[in-house]
Amino acid sequence: MSPIYLDNNATTACDPAVVEAMLPYFTEQFGNASSMHSFGNKVAQGLKEARVAVQKLIGAEFDSEIIFTSCGTESDSTAILSALKAQPERNQIITTVVEHPAILALCEHLEKEGTVVHRLKVDKKGRLDIDEYKSLLSPRTAIVSVMWANNETGTLFPVEQMAAMARTVGAMFHTDAVQAVGKVPIDLKKSKIDMLSLSGHKLHAPKGIGVLYLRRNTRFRPLLRGGHQERGRRAGTENSASIVGLGKAAEQAMEYMEFENTEVKRLRDRLEAGILAQVPHAFVTGDPANRLPNTANIAFEYVEGEAILLLLNKQGIAASSGSACTSGSLEPSHVMRAMGIPYTAAHGTIRFSLSRYNTEEEIDRVIEAAPPIIAQLRKLSPYWNESGPTAAEQAFAPAYA
Amino acid sequence: MWDYTEKVREHFFNPRNAGPLDGANAVGDVGSIQCGDALRLMLRVDPETERILDAHFQTFGCGSAIASSSALTEIVKGMTLDEALQVSNQQIADYLDGLPPEKMHCSVMGREALQAAIANYRGETWVDDHEEGAMVCKCFAVDSVLIEDVVRANNLTTVEQVTHYTKAGGGCCSCHEGIEEILSNVSAERCTAPMPPSLADAPKPAAQPIAIHVTKPATEPAARPRLTNFQRMRKIEETIEAIRPMLQRDHGDIEVVEIDGKNIYVNLKGACQGCMMEQATLSGIQAQLVDALGEFVQLLPAGMLGLSARR
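All values reported here derive from a predicted model rather than from experimental measurement.

S.K.: What is the right way to look at the overall build of chain A in this model?
M.R.: In terms of helices and strands, chain A carries 12 helices and 15 strands. The C-alpha radius of gyration computed for chain A amounts to 22 Å, which stays within 12% of the reference 21 Å derived for 401 residues, consistent with globular compactness. Over its C-alpha atoms, taken along the principal directions, chain A stretches across nearly 75 × 50 × 35 Å. Per-residue burial over chain A gives 59% buried out of 401 residues.

S.K.: So what exactly am I meant to see when it comes to the domain arrangement of chain A here?
M.R.: Accessible area lost upon the coming together of the parts is a frequently used measure of interface size. All names here are of chain A. According to the domain assignment, chain A contains domain 1 (4-8 + 257-383) and domain 2 (16-253). Placing the centre of domain 1 and that of domain 2 at their C-alpha centroids yields a distance of 28 Å. Taken together, the contact between domain 1 and domain 2 spans 24 residues of the former and 29 residues of the latter. There are zero salt bridges connecting domain 1 and domain 2.

S.K.: In this structure, what is going on with helix α10 (residues 229-249) of chain B? I would like to understand it.
M.R.: Along an α-helix, residues three or four apart share an orientation, since each turn contains 3.6 residues. All names here are of chain B. The end-to-end C-alpha separation of α10 is 31 Å, in line with the 30 Å expected for 21 residues at 1.5 Å each. The principal kink in α10, of about 30°, is found at Ile-243, preceding the proline Pro-245 by one to four residues. Looking at α10, one finds that the buried residues are Arg-232, Ile-236, Thr-239, Ile-240, Ile-243 and Leu-247. Looking at the packing, one finds that the buried side of α10 touches β6 (252-260), β7 (263-270) and α11 (278-293).

S.K.: What's the story with the pattern of salt bridges in this structure? I'm lost.
M.R.: Residue and element names in this part refer to chain A. In this structure the tally under the stated criterion is 33 salt bridges over all chains. The partner of Arg-127 in a salt bridge is Asp-123, and the shortest N-O contact between them spans 3.1 Å. For Arg-127, a relative accessible area of 38% puts it in the partly exposed group. Put simply, Glu-263, Arg-266, Arg-270, Glu-360 and Asp-364 are held in one network by salt bridges that share partners.

S.K.: Whenever I open this one, the sheet that holds β6 of chain B confuses me. Can you help?
M.R.: For sheets, the rule is that strands pair by backbone hydrogen bonds, running either parallel or antiparallel. Residues and elements named next belong to chain B. With mixed pairing, the three strands of this open sheet are ordered in space as β6-β7-β8. Every interior strand has two partners, whereas the edge strands, β6 and β8 (298-301), have only one. Pairs of neighbouring strands in the sheet enclose a mean axial angle of 35°, with direction left out of account. For β7 and β8, the ladder comprises four bridges, and the chain directions are parallel. Note that in β8 the partner of Ile-264 across the bridge is Leu-299. Across the sheet, α10 is in contact with β6 and β7; its angle to β6 comes to roughly 165°. The strands that α11 touches are β6, β7 and β8; relative to β8, the one it contacts most, it runs at about 145°.

S.K.: Help me understand empty space enclosed by the protein, please; the structure alone is not making it clear to me.
M.R.: Left-over empty space is what a probe sized like a water molecule reveals as it rolls over the atoms. Residue and element names in this part refer to chain A. As enumerated under the stated definition, the model contains five cavities of 30 Å³ or more in all. As for the largest cavity, its lining consists of 13 residues, of which Lys-183, Lys-202, Leu-203, His-204 and Glu-260 are closest to the centre. Of the residues belonging to the lining of the largest cavity, the class tally is four nonpolar, five polar and four charged.

S.K.: Can you walk me through the packing of aromatic side chains in this structure?
M.R.: Note on aromatic pairs: each is described by the distance of the centres and the angle between the planes. If you walk through the whole model with that rule in mind, you get five aromatic pairs over all chains. Measuring from ring centre to ring centre gives 5.5 Å for Tyr-383 of chain A and Phe-60 of chain B, while their planes differ by 85°; the resulting arrangement is edge-to-face. Within this pair, whereas Tyr-383 of chain A is found in the loop between α12 (360-380) and β14 (384-385), its partner Phe-60 of chain B is found in strand β3 (residues 51-60), the two belonging to separate chains. Residue Tyr-383 of chain A shares its accessibility class with Phe-60 of chain B, and that shared class is buried. We note Lys-314 of chain A situated over the ring of Phe-13 of chain B; from NZ or CZ to the ring centre the distance is 4.4 Å. Above the ring of Trp-384 of chain A, the side-chain terminus of Arg-378 of chain A is found at 4.4 Å from the ring centroid.

S.K.: What is the right way to look at the pairing of strand β6 (residues 172-176) of chain A in this model?
M.R.: In summary, the side chains of a regular strand alternate between the two faces of the sheet. Residue and element names in this part refer to chain A. Within β6, five of the five residues are buried, leaving the element largely enclosed by the surrounding structure. Burial along β6 is two-sided: the residues Met-172, His-174 and Asp-176 and Phe-173 and Thr-175 are all buried. When β6 meets strand β7 (residues 195-199), the two strands line up parallel, connected through three bridges. Across the sheet, residue Thr-175 finds its bridge partner in β7, namely Leu-196.

S.K.: I tried to follow the sheet that holds strand β13 (residues 349-353) of chain A on my own but got confused; where do I start?
M.R.: All names here are of chain A. Taken in spatial order, the four strands of this open sheet run β9-β10-β13-β12, and their pairing is antiparallel. Bordering the open sheet on either side are β9 (282-284) and β12 (320-321), each of which pairs with just one other strand. For strand β10 (residues 295-300) and β13, the ladder comprises five bridges, and the chain directions are antiparallel. Residue pairing in the sheet places Ala-299 in a bridge with Thr-349 of β13. Sitting on the sheet, helix α7 (residues 240-278) is in contact with β9, β10 and β13, with an inclination near 15° to β10.

S.K.: What am I meant to see in the side chain of Thr-59 of chain B here?
M.R.: Relative to the elements of secondary structure, Thr-59 of chain B occurs in strand β3. By relative accessible area, Thr-59 of chain B is classed as buried at 2%. A distance of 2.8 Å separates polar atoms of two side chains, one belonging to Thr-59 of chain B and the other to Ser-69 of chain B. If we skip the residues at most four places from it in the chain, Thr-59 of chain B touches Leu-380, Ser-381 and Pro-382 of chain A together with Ala-38, Leu-39, Ala-65, Ile-66 and Ser-69 of chain B.

S.K.: Hey, could you run me through the environment of Val-43 of chain A in this one?
M.R.: Residues and elements named next belong to chain A. Tracing the chain through its elements places Val-43 in helix α2 (residues 38-58). Judged by its relative accessible area of 1%, Val-43 is buried. C-alpha separation for the pair Val-43 and Glu-251, spaced 208 residues apart in sequence, amounts to 18 Å. Dropping the residues within four chain positions of it, Val-43 is found in contact with Tyr-25, Gln-29, Gly-31, Ala-33 and Ser-240.

S.K.: What's the story with the packing of helix α8 (residues 305-314) of chain A against α12 of chain A in this structure? I'm lost.
M.R.: Any two packed helices are characterised by the angle at which their axes cross and by the distance between the axes. Residue and element names in this part refer to chain A. Orientation of α8 relative to α12, taken along the N-to-C sense of each, is 135°, at an axis distance of 10 Å. In terms of orientation, α8 lies oblique with respect to α12. Relative to α12, the crossing made by α8 is right-handed. Residues Ala-307, Ile-308, Leu-311 and Leu-312 of α8 form the contact with α12, whose participating residues are Ile-373, Ile-374, Gln-376 and Leu-377.

Quick notes on the rules
Residues numbered from 1 in each chain as written. Chains lettered and ligands numbered in written order. Predicted model: local features only at pLDDT ≥ 70, side-chain atom pairs only at ≥ 80, totals over all residues. Heavy atoms only, no water. Helix = DSSP H or I, 4+ residues; strand = E, 2+ residues; numbered from the N terminus. Rg over C-alpha atoms; globule rule 2.2 N^0.38 Å. Buried < 20%, exposed > 50% of the residue type's maximum accessible area, 1.4 Å probe, protein only. Domains from an automatic or database assignment. Contact = heavy atoms within 4.5 Å. Salt bridge = Lys/Arg side-chain N within 4 Å of Asp/Glu carboxyl O. Expected span 1.5 Å × (residues − 1). Bend = angle between axes of the 7 residues up to and from the residue. Pairing = 2+ DSSP bridges. Axes fitted to C-alpha atoms, helices over the stretch in contact; angles between N-to-C directions. 1 Å grid on protein atoms, 1.4 Å probe; cavity = no way out; pocket = protein on both sides within 12 Å on 5 of 7 lines; lining within 4 Å. Points joined across faces, edges and corners; volume = space filled by probe spheres on them. Nonpolar A, V, L, I, M, F, W, Y, C, P; charged D, E, K, R; others polar. Phe/Tyr/Trp six-rings, centres within 6.5 Å; stacked < 30°, edge-to-face > 60°. Lys NZ or Arg CZ within 6 Å of the ring centre and 35° of its normal. Polar contact = N/O pair within 3.5 Å; in protein donor to acceptor, adjacent residues only side chain to side chain. Parallel < 35°, antiparallel > 145°, perpendicular 65-115°, else oblique. Left-handed = near helix turned anticlockwise from the far one by under 90°.

The following block contains the structure:
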């Protein structure tokens, strides 16, 4: 029985064509792009082509707006720290409570050093309140950083509208788009977005390569200094093989964009409907009407996520969970808590994230496997009684820690 | 993925004694849904001998929580209640050939359920006195609550001391930032030195570089008569004198070194010197001086004396 990989928001498999494009850069094309001889020249040519491919994928106006970094987190950190350093007269950040830790942990750290951080709340479906956002924008806002799509629920934020609003007060706008790039069409030249982060391994390129899009004429301070690479905006010898791989992956993502939004979406919807039809006390989290085509996040009440994952894994099915236990922290996912999902459900959230490689047979196998697992765990749960949650009068009420 | 032992996996995939128990006469409910763990332990106890004839469990929780519950029921079956009370959480973990440090609380929950069930049988109420914090030191499995308690009880001020008392931070050192944060939080709440108004009610200290910290005078400066140089110096001295006892209570002190226009240079001494709250203390005193003088002044460490002279 071949394993089924439904954890593509965590990371994706490297596409075989990407691997093939990369291989020469480990052997004959080992040169340093900065060198004057022919060894370096060909590598420089490879980087140039990759830069153009990424430029096309996100609709940037100029290829020089693409800065290669080591990962999405580096891009995020570079963007926010640069905005603060380049605009000393502005010391406020606006972000959201559901951002990736790459943004949240950095903001928390900056807060201790005196930066003022505003975090936009979300409603039950994970949506932002634009009026609240508007009221927080001010001439003191250095940067707004809002993710394009949420990694746990796939919910999309209106970043283009928000970027235009940020521009009216002269604030920079950054979006962490690692989940969105390659899954939803992006045309940056038509937007007011100043900076965008993307990560190679989320779109079938290898790990260890990311991009920071930096709009021309945006004030910038590099994170790493020490070389002229990337026009001095990101020093350090280029990761040429991975950059070329990302270029290939970007080309393919363009090709499959339509497929992502039709076929992958159809499979996702089939999976979701198939499971929900069989499992009572389960619901989709986030905003089902406005989300990534590949993501389904289902909360199974009265059972715990890690236990579900272990049993799914036994049957070769890979997914992920927002439960506290999978991360070793005490609290369940901050995204689920922000949406006000009750603890009994938040611990039992499972994210299935598909890719263009998933097949209908695989999806049908998951639809068959998941419901018995939930039933088996509910039998063990003190919150569950034969066929439903325990009635209020005999409800499980432990001595809380 | 967690590095579970074969035994943990086995007990998770094939839990023993799962589900409700008919004729249970001792039930212990513990855990916290917030932490994602809840356990009901059901025992059938022979009233004559106080021996546990059967034990079942129901658990909401992760793999190791279910495995720990399963192990617990196996361990206590056949024991008398007094014997069962001696079962430690380490015994449960050992039965499973060990648990990852972050998952040790699963075994703690098992032991607590056992105590709660026995209390229930004996008609007593069991009070949970165990509080758990976020895991700080992963090398030695030390959580934030333990570190905070020890810091508070022993007046610890450095990471090194915390390591000596709790082992936390003695391994890979990656948690030193977290330990420093606990230290500064505890010292902030204990410190009796003046705080700048912005920090006085904030729970967490936020270090602010004093040079850019501008505190608006509480009263309109223009409303007051201008002080002569001598009056002004006296006023500064009086204000500082009034603050010194507070600092001395924390085994610290302050002395004025030089007054140069709006710049007042001071030395922090004793415990205040190098204290994590140094900046906040200076800001607090500065706010009081501004208030007393009715003009903006800047309190600077004496070390900066030479620096500004060059400017």
